[in-house]
Amino acid sequence: MDALRRMEYRGYDSAGIALVGPDNTIHASKKAGKLVNLEAELDESPLPEANLGIGHTRWATHGAPSDANAHPHVSASGRVALIHNGIIENFAGLRAELEASGVGFRSQTDSEVAAHLVGREVDNGLGLADALRTVSQRLEGAFTLVAVDRDEPGLLVASRRNSPLVVGVGEGEMFVASDVAAFIEHTREAVEMGQDEVVEVTASGYRVTDFDGNETQGKPYHVDWDLSAAEKGGYDWFMRKEIHEQPHAVADTLLGRFDADHRLTLDEIRISETELRAIDKIVVVACGTAYYAGLVAKYAIEHWTRVACEVEIASEFRYRDPIITPRTLVVTISQSGETADTLMAVRHAREQGAKVIAICNTNGSTIPRESDAVLYTHAGPEIGVASTKGFLTQMAACYLLGLYLAQVRGTKYGDEIALVMTELETMPAKIQAVLDNAEAVHALARELVDEKSVLFLGRHVGYPVALEGALKLKEIAYLHAEGFPAGELKHGPIALVEEGLPIFVIVPPQGRDQLHDKVLSNIQEVRARGARTIVLVEEGDTEVEPYADEVIRLPKASTLLQPLLATVPLQIFACEVATLKGYDVDQPRNLAKSVTVE
Ligand code: F6R
């Protein structure tokens, strides 16, 4: 149950466990709703003690969140219990085949077919591991499967294709999970599983094979963060804790990036500098918040490298037959490293011969493993479903990548790169200053908690910040919010503006930037139509005050780096509004942290 609690952020619409008892019986319990419902059920009807068990928290794909659709699913004869993450794309045909042979289904899930298929193989005499290997070969789509058999009470087997699975190696105890957070309390020794592999786990060890049964090697690694990183540490929400961790997280992302020759380095690079010099186009691919980090990256990368940079939503990328060649550099951004849409984009890009660089926060996850180079963000585990430190560190990593490419391609002199690096290194302290002066943002949240709609405006890199501010408010406070490029408003959306509508505006730095004055005009346009303007502006800029109903001051920064500061009040605002509304900030409705289905 402790492990499930740590994994709940990945899905929380139902949960269940199954134990293999010493009496060679499977004891299962499952409940719709959050984990507390299952806990209450187990208090009422406890299961017997056992040495082997599996558990699951679900994010519904096929079939509504209900007790019946919760995992584990038990095979027709009752021998096998199985849990599944992902989507089995050929489940309909398999279900028809099983039904034709007389199997009755108890749920609407795609997962139940896997339980019956494995059950049928063991009923026909295969051992559990062979049964799972055989069945895994028949399944299409994405799956991590974990299964137990009441007749092999010392064995647990798990397989993976396109979904995460790690093994935790303890002393006299073993674990498997989607994420090391589940077992970090017990062991920090983990083993990464490759694509299309099966692991057989007993109390004393593990064995990895491919789906044909050939022995392979998992990749052992040591998890270098401790349990406290995965706990709230006195904060009411993980999200609030993670917002406050941002100065550290950004500093860690920037740390140690210069080698002895004052040259920038990435974490793992399997692309030669010659190849990087030959690149004629960069395409950044990501989802959600990570996509907005990509939008910021475009401004920095094009400005510093003079290479055309496109940014694309990963779920759209491969289906439009994008023009990708061996001279395209694809950059993926993913906090989890497991987002299915982004992973599929990586595979598509590599099939076209492109090189892929992954910006990622999760060591050993699938996307960096399948990429040609990796730049880790070193933010520590992000558990709040709404990404915060993930976003800031992704932007920081994008700046590093832009500078790195400029260095390799010679589009910036070394001293120019050093100048930006020096400014980047001042950013953690400035982020801290924003956090330390957030009282006005809290007050604003109290005033605006009952609003029905909020708009966010920005230009240049302020535009992705506006999009991110709106997304945060939508996803955790369930409040209608939109982000627009400030100059685009007059082409339509300004019709939304009515008396009292709150509009956040991100103002670029004064003086150094012609956009500053354009944004001031945009503020006046909405104010003239009755909007209540909340203006994020750098300290010392007083020009905006006559047109602002509220002013949020930001430390000074250059235009390109300002998103590292301007995002923070918007995160705090969303967190505060959601808290005041009494919502579960860390586990907003309908969402899950790692979206491992397409
Ligand atoms: C928003 C949020 C999502 C993720 C997106 C990509 O707060 O968390 O929009 O940014 O699902 O996730 P990763 O970065 O794990 O690929």
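Structure: see above.
Owing to the predicted nature of the structure, the values given are computational and were not obtained by experimental measurement.

### Here we look at the packing of aromatic side chains
Applying the stated criterion to the full structure yields 7 aromatic pairs. An aromatic cluster is built from Phe456, Phe504 and Phe573, whose rings are joined through pairwise contacts. In this structure, Arg589 is placed above the aromatic ring of Tyr478, and the distance from its NZ or CZ to the ring centre is 3.9 Å.

### Observations regarding the pattern of salt bridges
This model, assessed by the stated rule, comprises 42 salt bridges. Two residues, Glu545 and Arg553, come together in a salt bridge whose shortest N-O distance is 2.2 Å. Of the residues examined, Arg553 reaches a relative accessible area of 32% and is grouped as partly exposed. Because the salt bridges share partners, they merge into one network encompassing Asp130, Arg133, Glu200, Arg207 and Glu215.

### Points about the packing of helix α4 (residues 111-123) against helix α5 (residues 128-138)
α5 packs onto α4 with a crossing angle of 135° between their chain directions and a minimal axis gap of 9 Å. Accordingly, the angle class assigned to the pair α4 and α5 is oblique. Seen along the crossing, α4 lies across α5 with a hand that is right-handed. Contacts between α4 and α5 involve Leu117, Val118, Arg120, Glu121 and Val122 on the former and, on the latter, Leu128, Ala131, Leu132, Thr134, Val135 and Arg138.

### Some points on the side chain of Glu312
Along the chain, the position of Glu312 falls in strand β16 (residues 309-313). Side chain to side chain, Glu312 and Arg320 meet in a polar contact 2.5 Å long. Ignoring anything within four residues of it in the chain, the contact list for Glu312 reads Val284, Val285, Ala286, Tyr291, Phe317 and Arg320.

The rules behind each value
- Residues numbered from 1 in each chain as written.
- Predicted model: local features only at pLDDT ≥ 70, side-chain atom pairs only at ≥ 80, totals over all residues.
- Heavy atoms only, no water.
- Phe/Tyr/Trp six-rings, centres within 6.5 Å; stacked < 30°, edge-to-face > 60°.
- Lys NZ or Arg CZ within 6 Å of the ring centre and 35° of its normal.
- Salt bridge = Lys/Arg side-chain N within 4 Å of Asp/Glu carboxyl O.
- Buried < 20%, exposed > 50% of the residue type's maximum accessible area, 1.4 Å probe, protein only.
- Axes fitted to C-alpha atoms, helices over the stretch in contact; angles between N-to-C directions.
- Helix = DSSP H or I, 4+ residues; strand = E, 2+ residues; numbered from the N terminus.
- Parallel < 35°, antiparallel > 145°, perpendicular 65-115°, else oblique.
- Left-handed = near helix turned anticlockwise from the far one by under 90°.
- Contact = heavy atoms within 4.5 Å.
- Polar contact = N/O pair within 3.5 Å; in protein donor to acceptor, adjacent residues only side chain to side chain.

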